[in-house]
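Topology and contacts: notes
Chain by chain, the residues:
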Amino acid sequence: MNYTIFFTNQCNMDCTYCYECNKMVRSTSYDVLDGIVNFIVEKQRSCSDKTVSIVTHGGEPLIEFDKIQYFIKRLNEKVKNVQYIITTNATLLTDLMIDFLSQHYSEISVSIDGIQSAHDANRVFANKKGSYAVVVEKAKKLLEKRSDVKARMTINPQTASTLYESVKHLLDLGFTTIVPVIDTFCNDWTEKDMEILLDQGKLIIDYIKDYDKITNVGLINDALSKMANSPCNGGTSTFSIDTDGVIYPCVVTVGIPEFVVGTIKEGVNKEKVTEILGWDKIEITECIGCSRYNYCNTTRCRMINKVMCGSLHTPSAIVCSIENLKVKLSEYYLQRNIANL
Ligand code: SF4
Ligand code: SF4
């Protein structure tokens, strides 16, 4: 069972591409956290899947570090073997936080976009000053404790041409897992940008081929490793719980009233979940015949389509471009690795 808990939507930064921090400021309360613990305990009691994964989400979640500590202590008293996951901008990390995350989290990601010019182009503090120097200093400290910390990069048209240099730079900093994420909420992507990303991805593949350490760089072989889409499980085994205890089927829908599937007090509304599960059954006519139909995000998650395009069954042009980019990169990856045998 997967739970994403929104501790706050506040942040000490003001990244240009942020979609979290332009809403009304809100943080969770200790009462809501107690309710979430009870909700999870009840859910776990009544389901056969005993695995529990918790994403502690923001804004910048570490703004609510005291509440995160409280929540984890309470939940661990009642549920065993919980896997905790966090993505942080790293700028607020203290030694105490580093120790706590290292001890309790199975997966830690730092948001860092690569070389300084790429990072500082978008990841800025409220005073518009770039955060690169602070993030690198803190990330290095974290990596000393946990060598498996991931680098989560956001790529937009402004930084696409530096992707290869940025990945190399992050490897030099000591990251072994790098997750480049293309900003799908940006409307400025062009076909030319996709060509640039393809060239940059090929350079990364060539570089990784001869790299002497074990690394895991996303995007370059995503299409190869991707499993066929499974049915949506939003509201059945995946829950995103907002700061006020309202439950949504997945992260992209949080804060949008039409997607609410319940509250921690009243539980999950089965009729709403049944409605959501039914959305999967309607074919996306524009995509029929595409070889990626059973793999693409737009045919997997109707809620993303609604949020991005205003309709459950309208594919997003940028998601389509990214899927095709991934296929081309995976073909090149295969070609280069076969050539290596
Ligand atoms: S650090 Fe994350 S939450 Fe904060 S402004 Fe940047 S993208 Fe948004
Ligand atoms: S969005 Fe594009 S890549 Fe995805 S299934 Fe539709 S046509 Fe294929």
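The written sequence of each chain sets the order in which its residues are numbered from 1. Think of it this way: whatever chain is written first is A, whatever ligand is written first is 1, and the rest follow in order. Side-chain atom pairs in this predicted model are given and counted only at pLDDT of 80 or more, local residue features only at pLDDT of at least 70, and totals for whole chains, interfaces and linings cover all residues. By convention in this description, side-chain values take in all heavy atoms of the structure and omit both hydrogens and water.

Under an unreviewed UniProt entry, the name given to the protein is Radical SAM protein, and the source organism is Blautia ammoniilytica. UniProt positions are given in the numbering used here, feature names are shortened, and annotations may be inferred rather than shown by experiment. The UniProt entry for the protein carries the following comment under Cofactor (unreviewed entry): "[4Fe-4S] cluster".

**What about the side chain of Thr253?**
Inspection of the secondary structure puts Thr253 in the loop between β9 (246-248) and β10 (262-263). Three exposure classes are used, based on accessible area relative to the maximum for each residue type with a 1.4 Å probe and protein chains only: buried under 20%, partly exposed in between, and exposed over 50%. Given a relative accessible area of 0%, Thr253 falls into the buried group. N or O atoms within 3.5 Å of each other form a polar contact, as long as, within protein, one can give a hydrogen and the other can take it, and as long as residues adjacent in sequence are counted only when both atoms are side-chain atoms. A polar contact of 2.7 Å, which involves the side chain of Thr253, links it to the backbone oxygen of Cys250. Secondary structure is summarised from DSSP: a helix means a run of H or I of at least four residues, a strand means a run of E of at least two, and numbering begins at the N terminus for each.

**Focus: the site of ligand 2**
By convention in this text, a residue qualifies as near a molecule or strand provided that one of its non-hydrogen atoms is within 4 Å of it. In the vicinity of ligand 2, the residues found are Cys287, Cys290, Tyr293, Cys296, Thr298, Pro315, Cys320, Glu323 and Asn324. Considering each element in turn, the shell around ligand 2 owes the most residues, three residues, to helix α12 (residues 317-339). Tallied by class, residues from the shell around ligand 2 come to six nonpolar, two polar and one charged. For this scheme, ten residues count as nonpolar: Ala, Val, Leu, Ile, Met, Phe, Trp, Tyr, Cys and Pro. Four count as charged, namely Asp, Glu, Lys and Arg, and the remainder, Gly too, count as polar.

**Here's the deal with the pattern of salt bridges**
Whenever a carboxyl oxygen of Asp or Glu lies within 4 Å of a side-chain nitrogen of Lys or Arg, that contact is scored as a salt bridge. Counted by the stated rule, this structure contains 18 salt bridges. Of the charged contacts, one joins Arg45 and Glu42 as a salt bridge, the two residues approaching to 2.7 Å between their closest N and O atoms. With Arg45 and Glu42 both in helix α1 (residues 30-45), this residue pair falls three residues apart, about one helical turn. Here the salt bridges share partners, and the residues they tie into one network are Lys226, Arg292 and Glu323.

**Observations regarding the site of ligand 1**
Near ligand 1 there are nine residues, and of these Cys11, Cys15, Cys18, Asn89 and Arg123 occur at the shortest range. Across the shell around ligand 1, the residue classes tally to five nonpolar, two polar and two charged.

**Some details on the nonpolar core**
Nonpolar cores are built from buried Ala, Val, Leu, Ile, Met, Phe, Trp, Tyr and Cys residues. Side-chain atoms within 4.5 Å join them into one set. Within the largest apolar cluster, 90 residues are counted, with the highest numbers of intra-cluster contacts made by Ile5, Ile40, Ile54, Phe71 and Phe175. In terms of residue count, the dominant contributor to this core is α1 (seven residues). Domain delimitation follows an automatic or database domain assignment. Residue assignment places this core across two domains, with domain 1 (2-220) and domain 2 (238-324) each supplying three or more. Setting aside its immediate chain neighbours within four residues, Ile40 contacts Tyr3, Ile5, Val52, Ile54, Phe71 and Leu75. Residues count as neighbours in contact if any of their non-hydrogen atoms are within 4.5 Å of one another.

**Let's talk about the domain arrangement of the protein**
Assigned domains of the protein: these are domain 1 (2-220) and domain 2 (238-324). Spacing between the C-alpha centres of domain 1 and domain 2 amounts to 22 Å. Contacts between the two partners involve 23 residues from domain 1, matched on the other side by 20 residues from domain 2. Buried surface at the junction of domain 1 and domain 2, summed over both partners, amounts to about 1800 Å²; 72% is from carbon and sulfur atoms. Buried area is a sum: the accessible area each of two parts loses on coming together, probed at 1.4 Å, counted once for each and added. For domain 1, the biggest contributors to the area lost against domain 2 are Phe6, Phe39 and Thr184; these three give 31% of the whole. Inspection of the region where domain 1 meets domain 2 yields one salt bridge. In this structure, Arg26 and Asp242 form a salt bridge, with 3.1 Å as the shortest nitrogen-oxygen distance. Viewed at the interface, domain 2 and domain 1 are joined by seven residue pairs in polar contact (both at pLDDT 80 or more).

**Examining the packing of aromatic side chains**
What counts as a ring pair is set by centres within 6.5 Å for rings of Phe, Tyr and Trp (its six-membered ring), and what kind of pair is set by the plane angle: stacked under 30 degrees, edge-to-face over 60, tilted for all other angles. Within the structure shown, the criterion is met by 10 aromatic pairs. Seen from their ring centres, Tyr207 and Tyr211 are 5.6 Å apart, and the 40 degrees between their planes marks the pair as tilted. Distance and angle both matter: a charge sits over a ring if NZ of Lys or CZ of Arg is within 6 Å of the ring centre and within 35 degrees of the ring normal. Seen from the ring of Tyr332, Lys202 lies directly overhead, with NZ or CZ sitting 5.3 Å from the centre.

**Things to note about the pairing of strand β3 (residues 82-88)**
Counting buried positions along β3 yields five of seven residues, so the element is predominantly enclosed. Relative to β3, strand β2 (residues 52-57) runs parallel, the two sharing five bridges. Bridge pairing links Val55 to Ile85 in β3. Here the term right-handed applies to a crossover when the path leading from its first strand over the helix to its second strand runs clockwise, the strands being oriented away from the viewer. Assessed by its sense of winding, the connection that carries the chain from β2 through helix α2 (residues 65-78) to β3 is right-handed. For two strands to count as paired, DSSP must find a minimum of two bridges between them. Here β3 pairs with strand β4 (residues 105-111) via five bridges, running parallel. Residue Ile86 lies in a different strand from β4, and its bridge partner there is Ile108. At this point the chain moves from β3, through helix α3 (residues 95-104), to the parallel β4, and the crossover so formed is right-handed.

**So, the environment of Glu64**
Among the structural elements, Glu64 can be located in the loop between β2 and α2. When near neighbours in sequence (up to four residues on either side) are disregarded, Glu64 contacts Phe7, Thr8 and Ser27. A distance of 2.8 Å separates polar atoms of two side chains, one belonging to Glu64 and the other to Ser27.

**Remarks on the sheet that holds β10**
Taken in spatial order, the 11 strands line up as β7-β6-β5-β4-β3-β2-β1-β8-β9-β10-β11 in an open sheet, and their pairing is mixed. Two strands close off the open sheet at either side, each with one partner strand: β7 (216-217) and β11 (267-268). Two elements, β4 and strand β5 (residues 150-155), share three bridges in a ladder whose sense is parallel. Paired with Ser109 across the two strands is Lys150, which belongs to β5. Packed on one face of the sheet, α1 meets β1 (2-6), β2, β8 (238-241), β9 and β11 and runs near 175 degrees to β1. Only the stretch in contact is used when fitting a helix axis, every axis being a line fitted to C-alpha atoms; angles between N-to-C directions are given from 0 to 180 degrees. Sheet contacts for α3: β3 and β4; angle to β4, the most-contacted strand, approximately 130 degrees.

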